[in-house]
Amino acid sequence: MTRPLSGTGRLADDLYLVAHHEITGKPHLQPRALGLGLAGGLLGELMLPGTIRLSSGLVVLGNGTPPGEELSRSVLHQIAGEREDLPARDWLLFLARTAPRDMAGRLAQAGYLTPAPGRRLSRSPRWVPADPDCAFAPLVRVKAALNTRGPAARQPLLLGGLAAACGLGHQLSLYLPPGAGHHLDQAAWDLDPGLQELIAQTKAVVDSALLAHRL
Amino acid sequence: MPRTPTTAPKPSTVSRALARDRLGVPSVLFFVMAGVAPLTVAAGVIPTAYQTTGLTGIPAAFLVIAVILAIFSSGYVAMTRRITHSGAFYAFISRGLGRVTGVAAALIALLAYSFLQAGLYGAFGPNAASEAAAHLHIHAPWWAWALGAWAVVAVLGLLRVDITGRVLGVLLCAELLVIVAETVLGLAHPAGGHLSFATLSPAALTSAGFGTFGVLAVVAVLGYVGFEQAPVLAEEAKNAKRTVPAATYLALGMIAVVYAGASWAMAGHAGTSHVVAAAGQEGPGLLFGLGGSNILSQAAQWLFLTSLFAAALSFHNCVWRYIFALGRENVLPAALGRTGGNNIPKAASLVQSVTGLAVITGYALTGQNPMERLFFWLGTTGGYGILLLLTVTSVAIIAFFARDPHGENMWRRLIAPALAAILLGGIVVLATLHYATLLGVPAGAPAAWVLPASYGAVAATGLAWGLVLKIRRPQAYAAIGLGPHAVTGQAAPAAERTR
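Visitor: Got a minute to help me understand the overall build of chain B in this structure?
Guide: Counting its secondary structure elements, chain B contains 20 helices and zero strands. Radius of gyration (C-alpha) of chain B: 23 Å, near the 23 Å computed for a compact globule of 499 residues. Counting the 499 residues in chain B, one finds 58% classified as buried. Long-range pairs, those at least 24 residues apart, make up 81% of the contacts in chain B with a sequence separation of at least 6.

Given below as structure tokens:
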């Protein structure tokens, strides 16, 4: 069944696809870094419509419309359920624990991932992209956003920023034109301060994990 | 959208989940002890120290240095509560004495840890060669085995394959058991049937003048290197206020007992007046032979090789993390602060590997004795560098808390670091003046001033580079010593959790 190249339209889903090989489904990141990047993606999905925002490093509730999608709603519910505003870092670490599994499930439900063929030796299922072109499409969207500006470019630019933050800069440099990394850094300045801060927080927490021998 | 109203405070789901993931005292202690590599010191450093320096006060030195390091640690762990950074010395010195000094400290730390890492091949090579010759009848020069170990470490480092915690745990426990067993057997069979306490007495520290103490202190500090790593895990610790201090003091205590005991047993078993000669003849066998020649001594010899290899890999990881941290902050070229596929900082890992290769090749080509000239010389010079950093850090701690006490008491923010600075500073002076004794060379020999002067050279380079950064790249300069969370402008996470 062909899926549209535009994907699910969700930030964290696109990030998951960028973080895995488009044919074999093999991750390009260490498990913890993948989790932290996807956690950033989940927070980004709520920040784009203004449902949550970052204020002095804390995740606070905003006035935007609540999400219709189940996983995003669950994340928002968890944020709202805490008795005080917690630092973005804590949310990234918390969501990172389950994000890869949740994203794989969401993409599988939408038909973008299929179970990998062959015998399962471990209990956790391995996924491969259902369509390599769809799996590659998010990178194309990031590249396109480098040349356009305006509201439509927000999500792909945030995707590019978060991808670089969790260690996919190498991947981006392989498939984007030369110098794209530099353009991406500059384009990120066009994003709202809150989204820039999300990218910075994600990078900080990934680098910290590497330096503290947890990655 | 209002928060869900709650009438009674509910425990935070997030905090509880994150707490489960954090490291307790045992994990941090284990990390520190694995880095200390006990058998590398007990079988490698101690016998070579007896032989090269000709001094017998090594057991006493371990005890005295433990006390001095414990005093130092009071201020050190207090500072950890305020600043979390994997390059603790560099960050503390930057925040206490300024970023320019911090850059110099960073380069000193990098040089010291690099010396320590490269030196290990000098022990692995000859010992692997002799074991292979004895058991496998393979006869290859020491540098062939050293290069083999180097290659495996380089590849594992590039692939980010670490020895699993479980394997490391088994090895570490085995090492400690072996050392304790050999120590007990050695003490039970003293030379002449009578166990002497001479090597434990303070008089042994100044047997050949005050300079003796400086030399012995460097050897002892080398044994303790690794204890300063506990703050690397501060951000991941369960309780930043208690976990890191507890692990640090426990580690100091364990190391003191194990090394003082082992070195005392070696001197007691051989006889105080004969231990230097015995060390010259037997080398690591001075430890292995304490309980006679049997399964224990053979197991000890094999564990010595695994200990050296594990330490080489561990220090490789330590050095590339340092390079990565400095690359991130533009103290070193930014390319070294980037990761490639699988979050591997390939550039940082390669730089460390190339350094190791250059050192092994240099020693192989010049035909120098690897155990003494590579392992002991570079190892003790690494220890000397750590001593320099400990001294400057003590001063930085005083300066930092002088600006704002942060609620710490007088002992932790002033008296302890001041005492440590004076004692450690005195040791640095004595060691520098008597470096020739440390290396076992005649006074005035080139090595005796070239090796310590290398730190002067990198410090000067660091100061100059720090000034260049201050003038030409103020934004990068401003981020020095602040760690990954600098970009977010928030307080160190560990500091937040102690509120």
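Visitor: Looking at this structure, how should I read the overall build of chain A?
Guide: Within chain A one finds nine helices and four strands. Computed over its C-alpha atoms, the radius of gyration of chain A comes to 16 Å, within 12% of the 17 Å expected for a compact globule of 215 residues. Considering only C-alpha atoms, chain A reaches an extent of 45 × 40 × 40 Å along its principal axes. By residue count, 50% of the 215 residues in chain A fall in the buried class. Long-range contacts, defined as pairs at least 24 residues apart, comprise 67% of the intrachain contacts of chain A with a sequence gap of at least 6.

Visitor: What should I look at first to understand the interface of chain A and chain B in this one?
Guide: One frequent convention defines the size of an interface as the accessible area lost when the parts assemble. Taken together, the contact between chain A and chain B spans 33 residues of the former and 31 residues of the latter. At the level of secondary structure, the elements contributing two or more residues to the side of chain A that touches chain B comprise α3 (70–81), α4 (88–96), α7 (154–175) and α9 (193–211) of chain A. Here the element with the most residues in the side of chain A that touches chain B is α9(A); it accounts for nine residues. Taken together, the residues of the side of chain A that touches chain B break down into 14 nonpolar, ten polar and nine charged.

Visitor: Help me understand the environment of A:D90, please; the structure alone is not making it clear to me.
Guide: Relative to the elements of secondary structure, A:D90 occurs in helix α4. For A:D90, a count of 21 C-beta atoms within 10 Å gives the class buried. In this structure, the C-alpha to C-alpha distance between A:D90 and A:T8, residues 82 residues apart in sequence, is 27 Å. Residues in contact with A:D90, not counting those within four places in the same chain, are B:V14 and B:L18.

Visitor: Just checking my understanding: could you explain the pairing of strand β1 (residues 52–55) of chain A for this structure?
Guide: As a general feature of sheets, a regular strand has side chains that alternate between the two faces. Residue and element names in this part refer to chain A. Where β1 lies against strand β2 (residues 58–61), four bridges are found, and the strand directions are antiparallel. Counterpart to L54 in the pairing with β2 is V59. Following β1, the chain reverses through two residues before pairing antiparallel with β2; S56 in that reversal takes a positive phi of roughly 55°.

Visitor: Just to check I follow, could you spell out helix α9 (residues 211–224) of chain B for this structure?
Guide: Given 3.6 residues to a turn, an α-helix orients residues that are three or four positions apart in the same direction. Residue and element names in this part refer to chain B. Between its first and last C-alpha atoms α9 spans 20 Å; for 14 residues at 1.5 Å apiece the expected length is 20 Å, and the two agree. Within α9, 14 of the 14 residues are buried, which leaves it mostly tucked inside the rest of the structure. Positive backbone phi, at 125°, marks G226, one or two positions downstream of α9.

Visitor: Would you explain the environment of B:A402 in this entry?
Guide: Tracing the sequence through the fold places B:A402 in helix α15 (residues 370–403). Along the sequence, B:A402 and B:L205 sit 197 residues apart, while their C-alpha atoms lie 34 Å from each other.

Visitor: Before we go on, may I ask you to explain unusual backbone geometry in this structure?
Guide: Excluding glycine, most residues fall at negative phi; most peptide bonds, likewise, are trans. Residues and elements named next belong to chain B. Non-glycine residue N342 carries a positive phi angle of around 60°. Mapped onto the elements, N342 comes out in the loop between α13 (295–328) and α14 (346–366). Accessibility expressed as a C-beta count within 10 Å gives 17 for N342, which makes it partly exposed. A positive phi angle, close to 55°, is found at N343, a residue other than glycine.

Visitor: Teacher, can you tell me more about the packing of helix α6 (residues 99–136) of chain B against α13(B) here?
Guide: Helix packing geometry: the angle between the two helix axes and the distance between the axes. Residue and element names in this part refer to chain B. Axis separation between α6 and α13 bottoms out at 9 Å; the angle between their running directions is 155°. The angle between the axes of α6 and α13 places the two elements in the roughly antiparallel class. The hand of the α6/α13 crossing is left-handed. Residue composition of the contact of α6 with α13, by class: 22 nonpolar, five polar and one charged.

Visitor: Sorry if this is basic, but what is going on with the confidence of the model for chain B here?
Guide: All names here are of chain B. When the pLDDT values of chain B are averaged, the result is 92; 95% of them are 70 or greater. When the criterion is pLDDT under 50, residues 494–499 qualifies, and its contacts beyond four places in sequence or with other chains add up to twelve contacts. Our summary of model confidence lists the complex with pTM equal to 0.92 and ipTM equal to 0.90.

Visitor: Got a minute to help me understand the confidence of the model for chain A in this structure?
Guide: Do not read the predicted coordinates in detail wherever pLDDT is low. For chain A, per-residue confidence averages 90 on the pLDDT scale, and 96% of positions sit at 70 or higher. Least confident of the elements in chain A is helix α8 (residues 180–188) of chain A, whose mean pLDDT is 78; most confident is helix α2 (residues 31–47) of chain A, at 97.

Visitor: Sorry, what's going on with the environment of B:A234 here?
Guide: Along the chain, B:A234 turns up in the loop between α9 and α10 (243–270). B:A234 sits eleven residues away from B:P245 along the chain, and the two C-alpha atoms are 9.8 Å apart.

Visitor: What's the story with the packing of helix α3 (residues 38–53) of chain B against α10(B) in this structure? I'm lost.
Guide: Residue and element names in this part refer to chain B. Packing of α3 against α10 brings their axes to within 10 Å, and their N-to-C directions diverge by 40°. By the angle class used here, α3 and α10 are oblique. Where α3 crosses over α10, the two elements pack in a sense that is right-handed. For the pair α3 and α10, the contacting residues are P38, V41, A42, I46 and P47 in the first and V258, Y259, A262, S263 and M266 in the second. A breakdown of the residues in the contact of α3 with α10 according to their chemical character gives nine nonpolar, one polar and no charged.

What counts, and at which threshold
- Residues numbered from 1 in each chain as written.
- Chains lettered and ligands numbered in written order.
- Predicted model: local features only at pLDDT ≥ 70, side-chain atom pairs only at ≥ 80, totals over all residues.
- Helix = DSSP H or I, 4+ residues; strand = E, 2+ residues; numbered from the N terminus.
- Rg over C-alpha atoms; globule rule 2.2 N^0.38 Å.
- Buried ≥ 20, exposed ≤ 12 C-beta atoms within 10 Å, placed from the backbone.
- Contact = placed C-beta atoms within 7 Å.
- Nonpolar A, V, L, I, M, F, W, Y, C, P; charged D, E, K, R; others polar.
- Pairing = 2+ DSSP bridges.
- Expected span 1.5 Å × (residues − 1).
- Axes fitted to C-alpha atoms, helices over the stretch in contact; angles between N-to-C directions.
- Parallel < 35°, antiparallel > 145°, perpendicular 65-115°, else oblique.
- Left-handed = near helix turned anticlockwise from the far one by under 90°.
- pLDDT = per-residue confidence, 0-100.

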